[in-house]
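For reference, the chains in residue letters:
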Amino acid sequence: MEMGERGDLDATDLALLARLANDGRASLTDLAREVGLSRPSVADRLRKLEAGGVITGYAALIDPARLGLPLRAQVRLRPHQPNARAHGLREKLLALGHVLSCVHVTGDDCYVIEVAARNPAHLEELIDSLTGIGRTTTLLVLSDVVSPSDVDLKALLLEPGSAPSAER
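The rules we used
- Residues numbered from 1 in each chain as written.
- Predicted model: local features only at pLDDT ≥ 70, side-chain atom pairs only at ≥ 80, totals over all residues.
- Heavy atoms only, no water.
- Pairing = 2+ DSSP bridges.
- Helix = DSSP H or I, 4+ residues; strand = E, 2+ residues; numbered from the N terminus.
- Axes fitted to C-alpha atoms, helices over the stretch in contact; angles between N-to-C directions.
- Contact = heavy atoms within 4.5 Å.
- Salt bridge = Lys/Arg side-chain N within 4 Å of Asp/Glu carboxyl O.
- Buried < 20%, exposed > 50% of the residue type's maximum accessible area, 1.4 Å probe, protein only.

**Things to note about the sheet that holds strand β4 (residues 134–140)**
1) Next: The four strands lie next to each other as β2-β3-β1-β4, forming an open sheet whose pairing is antiparallel. With one partner strand each, in any of the chains shown, β2 (99–104) and β4 form the two edges of the open sheet. Here the strands of the sheet are splayed against their neighbours by 20° on average, with no regard to which way each runs.
2) Next: Of the strand pairs in this sheet, β2 and strand β3 (residues 111–117) are connected by five bridges, and their pairing is antiparallel. Bridging from a neighbouring strand, V103 pairs with V112 of β3.
3) Next: Its contacts with the sheet put helix α4 (residues 89–96) on β1 (71–79), β2 and β3, and the angle it makes with β2 is roughly 160°.
4) Next: Along the sheet face, helix α5 (residues 120–131) touches β1, β3 and β4 and points at about 150° away from the line of β3.

**Here we look at the pattern of salt bridges**
1) Next: For the structure on display, the rule yields ten salt bridges.
2) Next: Put simply, D23 and R19 hold a salt bridge, and the shortest N to O gap is 3.2 Å.
3) Next: We classify D23 as partly exposed; its relative accessible area is 29%.
4) Next: Two residues, D144 and R72, come together in a salt bridge whose shortest N-O distance is 2.9 Å. Taken together, the residues span a long stretch of sequence, with D144 in the loop between β4 and α6 (153–156) and R72 in strand β1 at a distance of 72 residues.

Pasting the structure below:
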């Protein structure tokens, strides 16, 4: 069984992952104190989680609004050309400069793209650029209700139909 398959993550691994999801800069000393292990034991666990692909990296979370891009939108895109990825979709999106993410999805639209814009006129420019690639439907982001750091890892790993634990 590879690291990351459900059976080999114990409560300590989940506690480490939850803390790092909330604070990727947590020190080994703080992590060790929180989970009741030595610093070398925590470092070893983190190395295994990294090597197993459970932890894929560490990054600063950037607030686009603080960079002068307060307007976020999710743009659903149905490309004009089949197999848009083969026709340079990724490169086209990155060239726009305001794309925060893009996921390939099922349903009527093929992609959901999150963009950040300075104002409505700027958002309109971004949408106009995307209409050259395909048909778009735009949804304005009003607020974040759940972010990745809010996710309860224990509940995430529950079997469907299982009752979540009261503790977090």
